[in-house]
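The residues making up each chain are set out below.
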Amino acid sequence: MSELLIRGRVLTFIDEPKGIDDTASYLTVDDGAVFVRDGKIVAVGDYAEISKAAGPGVAVADHRPHLILPGLIDTHLHFPQTQAIASYGAQLLEWLNTYIFVEEQKFAEPEHAAFIAGRFMDELLSNGTTTAVAYCSVHPQSVDAYFTAAEQRGMLMVGGKVMMDRNAPDALRDTPQKGYDETKRLIGKWHGRGRAHYAISPRFAITSTPEQMEMAQALVAEHRDCYVQTHLSENKDEIAFATSLYPDAKDYTDIYAHYDLLTDKTLLGHCIYLSDREISVLAETGAVGVFCPTSNLFLGSGLFDRDRF
Ligand SMILES: [Zn+2]
């Protein structure tokens, strides 16, 4: 049995905060402690009380005056974009074509994918982020690199290969069948292994044909315990393009609803320009709109109206 008392200023959340003044949702202790036994937290609170309960002779890691808090969770990242963060972009679609789709092609190389995956995980940890949900590239080897790097660091990570079969360079396109087969194989290999969780990841409606959406639909139906991630309503040109590709859909959200991709395990990046009807669909299905403030401000896409959700 291994035991450790971590001493410092402790901040921990008891409940989801209802608002900025909801002081009952968290606990702060100026001279606090986190008591860890065999890698698991067994007590959090006042240092004097916790150390007494822990008994004599327990090792103490004294981090005073620093703050001790739970790991942060990032719910929308692209691991292949690590080296392209903050590349100049006036608009989403132009930015994808000029920088991002060029960068992502490098992830066909397993050595490059492994190198960036290590850097990516270390960068997350150095910022206090211990769990994240991320898109890998279209290449299965990028998913292997991602989960291998997470496993080496004991991190709980969610991710998956992007499925994309149109409106992208040849080197970044799969096909409906290939996207299905590769995703299926990666779920079998990684989902539930250690702390890895798979996210079925059709990138967005613009880069998937209706045939590929049907394959994503089949994957979601066959793997109800996997997460699902895609992008929704980030930029006005994107919305116009996406809805033009699916003329029968009521709106952008209805494209994903039509293929049964909206579940209570679905994370929808951005969600800036949703109508009341679309927000109601999210509420009914339990799908979550993911707020991406740095990206939205950087690309000038718009502001997420949190109160409407
Ligand atoms: Zn994204």
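The residue numbering used here restarts from 1 in each chain and proceeds along that chain's sequence as written. With pLDDT at 70 or above as the cut-off, local features in this predicted model cover only qualifying residues; side-chain atom pairs require 80 or more to be listed or tallied, and sums for whole chains, interfaces and linings still use all residues.

Peer 1: Outline the pairing of strand β3 (residues 40-46), listing residues and values.
Peer 2: Think of it this way: DSSP has to see at least two bridges between two strands before they count as a pair. Secondary structure counts use DSSP, requiring at least four H or I residues in a row for a helix and at least two E residues in a row for a strand, with both numbered from the N terminus. Of the strand pairs in this sheet, strand β2 (residues 26-37) and β3 are connected by six bridges, and their pairing is antiparallel. Each residue of the ladder has a partner; that of A33, found in β3, is G45. Once β2 ends, the chain turns through two residues before running back antiparallel as β3, passing D38 with a positive phi of about 50°.

Peer 1: Explain the sheet that holds strand β4 (residues 59-68) to me, and be specific about the residues and the numbers.
Peer 2: Taken together, the four strands give an open sheet; going across it, the order is β3-β2-β1-β4, and neighbouring strands pair in mixed fashion. At either end of the open sheet lies a strand with only one pairing partner, and these are β3 and β4. Strand-to-strand twist across the sheet, computed as the mean angle between neighbouring axes with direction ignored, equals 30°. Bridge count between strand β1 (residues 3-13) and β4: six bridges; the pairing is parallel. Note on β4: the bridge partner recorded for L4 is A59. In the packing of helix α1 (residues 47-54) onto the sheet, contacts are made with β1, β2 and β3, and the angle to β3 comes to roughly 135°. Under this scheme, a helix contributes an axis fitted over its contacting stretch, all axes are lines through C-alpha atoms, and angles between N-to-C directions fall in the 0 to 180 degree range. Residue pairs qualify as contacts under a 7 Å threshold applied to their C-beta atoms, which are placed from the backbone.

Peer 1: Can you lay out helix α3 (residues 110-126) for me, pointing to particular residues and giving the numbers?
Peer 2: In this scheme, a helix's expected span is set at 1.5 Å multiplied by one less than its residue total. Between its terminal C-alpha atoms α3 stretches 24 Å, which fits the 24 Å expected from 17 residues at 1.5 Å a residue. All buried positions along α3 are accounted for by A113, I116, A117, F120, M121 and L124. One face of α3 carries all of its buried residues, which in axial projection span an arc of 135°. Opposite its buried face, α3 presents the exposed residues E111, D122, E123 and S126, each directed more than 90 degrees away. In this fold, the buried residues of α3 make contact with β6 (129-135) and α4 (140-152). Where α3 terminates, the next one or two residues include G128, which has phi positive at roughly 85°. Working definition of burial: number of other C-beta atoms within 10 Å of the residue's own, with buried at 20 or more, exposed at 12 or fewer, and partly exposed in between, all C-beta atoms being placed from the backbone. What the arc describes is the spread of directions from the helix axis to the C-beta atoms.

Peer 1: Describe the nonpolar core, and please don't skip the residues or the numbers.
Peer 2: A117, V133, A134, Y146, A150, A199 and A216 are the most contacted members of the largest nonpolar core, which has 66 residues in total. Excluding residues that lie within four positions of it along the chain, Y146 makes contacts with F79, A117, A134, C136 and G159. What makes a nonpolar core is a set of buried Ala, Val, Leu, Ile, Met, Phe, Trp, Tyr and Cys residues, with links drawn between C-beta atoms within 7 Å. By size, the runner-up hydrophobic cluster in this structure holds seven residues, among which are I6, F35, Y47 and I50.

Peer 1: Can you break down unusual backbone geometry residue by residue, with the values?
Peer 2: The linkage connecting R64 with the following residue, P65, adopts the cis geometry, with an omega of 5°. Turning to its location among the elements, P65 is positioned in strand β4. One non-glycine residue, D38, adopts positive backbone phi at about 50°. With respect to the helices and strands, D38 occurs in the loop between β2 and β3. If you check the backbone angles, S233 has positive phi at about 55° while not being a glycine.

Peer 1: Quick one: what's the story with the domain arrangement of the protein, residue by residue and with numbers?
Peer 2: Assigned domains of the protein: these are domain 1 (3-68) and domain 2 (72-308). Each domain span listed reflects an automatic or database assignment of domains. Inter-centroid distance (C-alpha atoms) of domain 1 to domain 2 is 35 Å.

Peer 1: Give me the environment of K106: which residues, what numbers.
Peer 2: Among the secondary structure elements, K106 is positioned in the loop between α2 (92-104) and α3. Judged by the 17 C-beta atoms lying within 10 Å of it, K106 falls in the partly exposed class. Counting along the chain gives 36 residues from K106 to S142, while the straight-line C-alpha distance between them is 9.8 Å.

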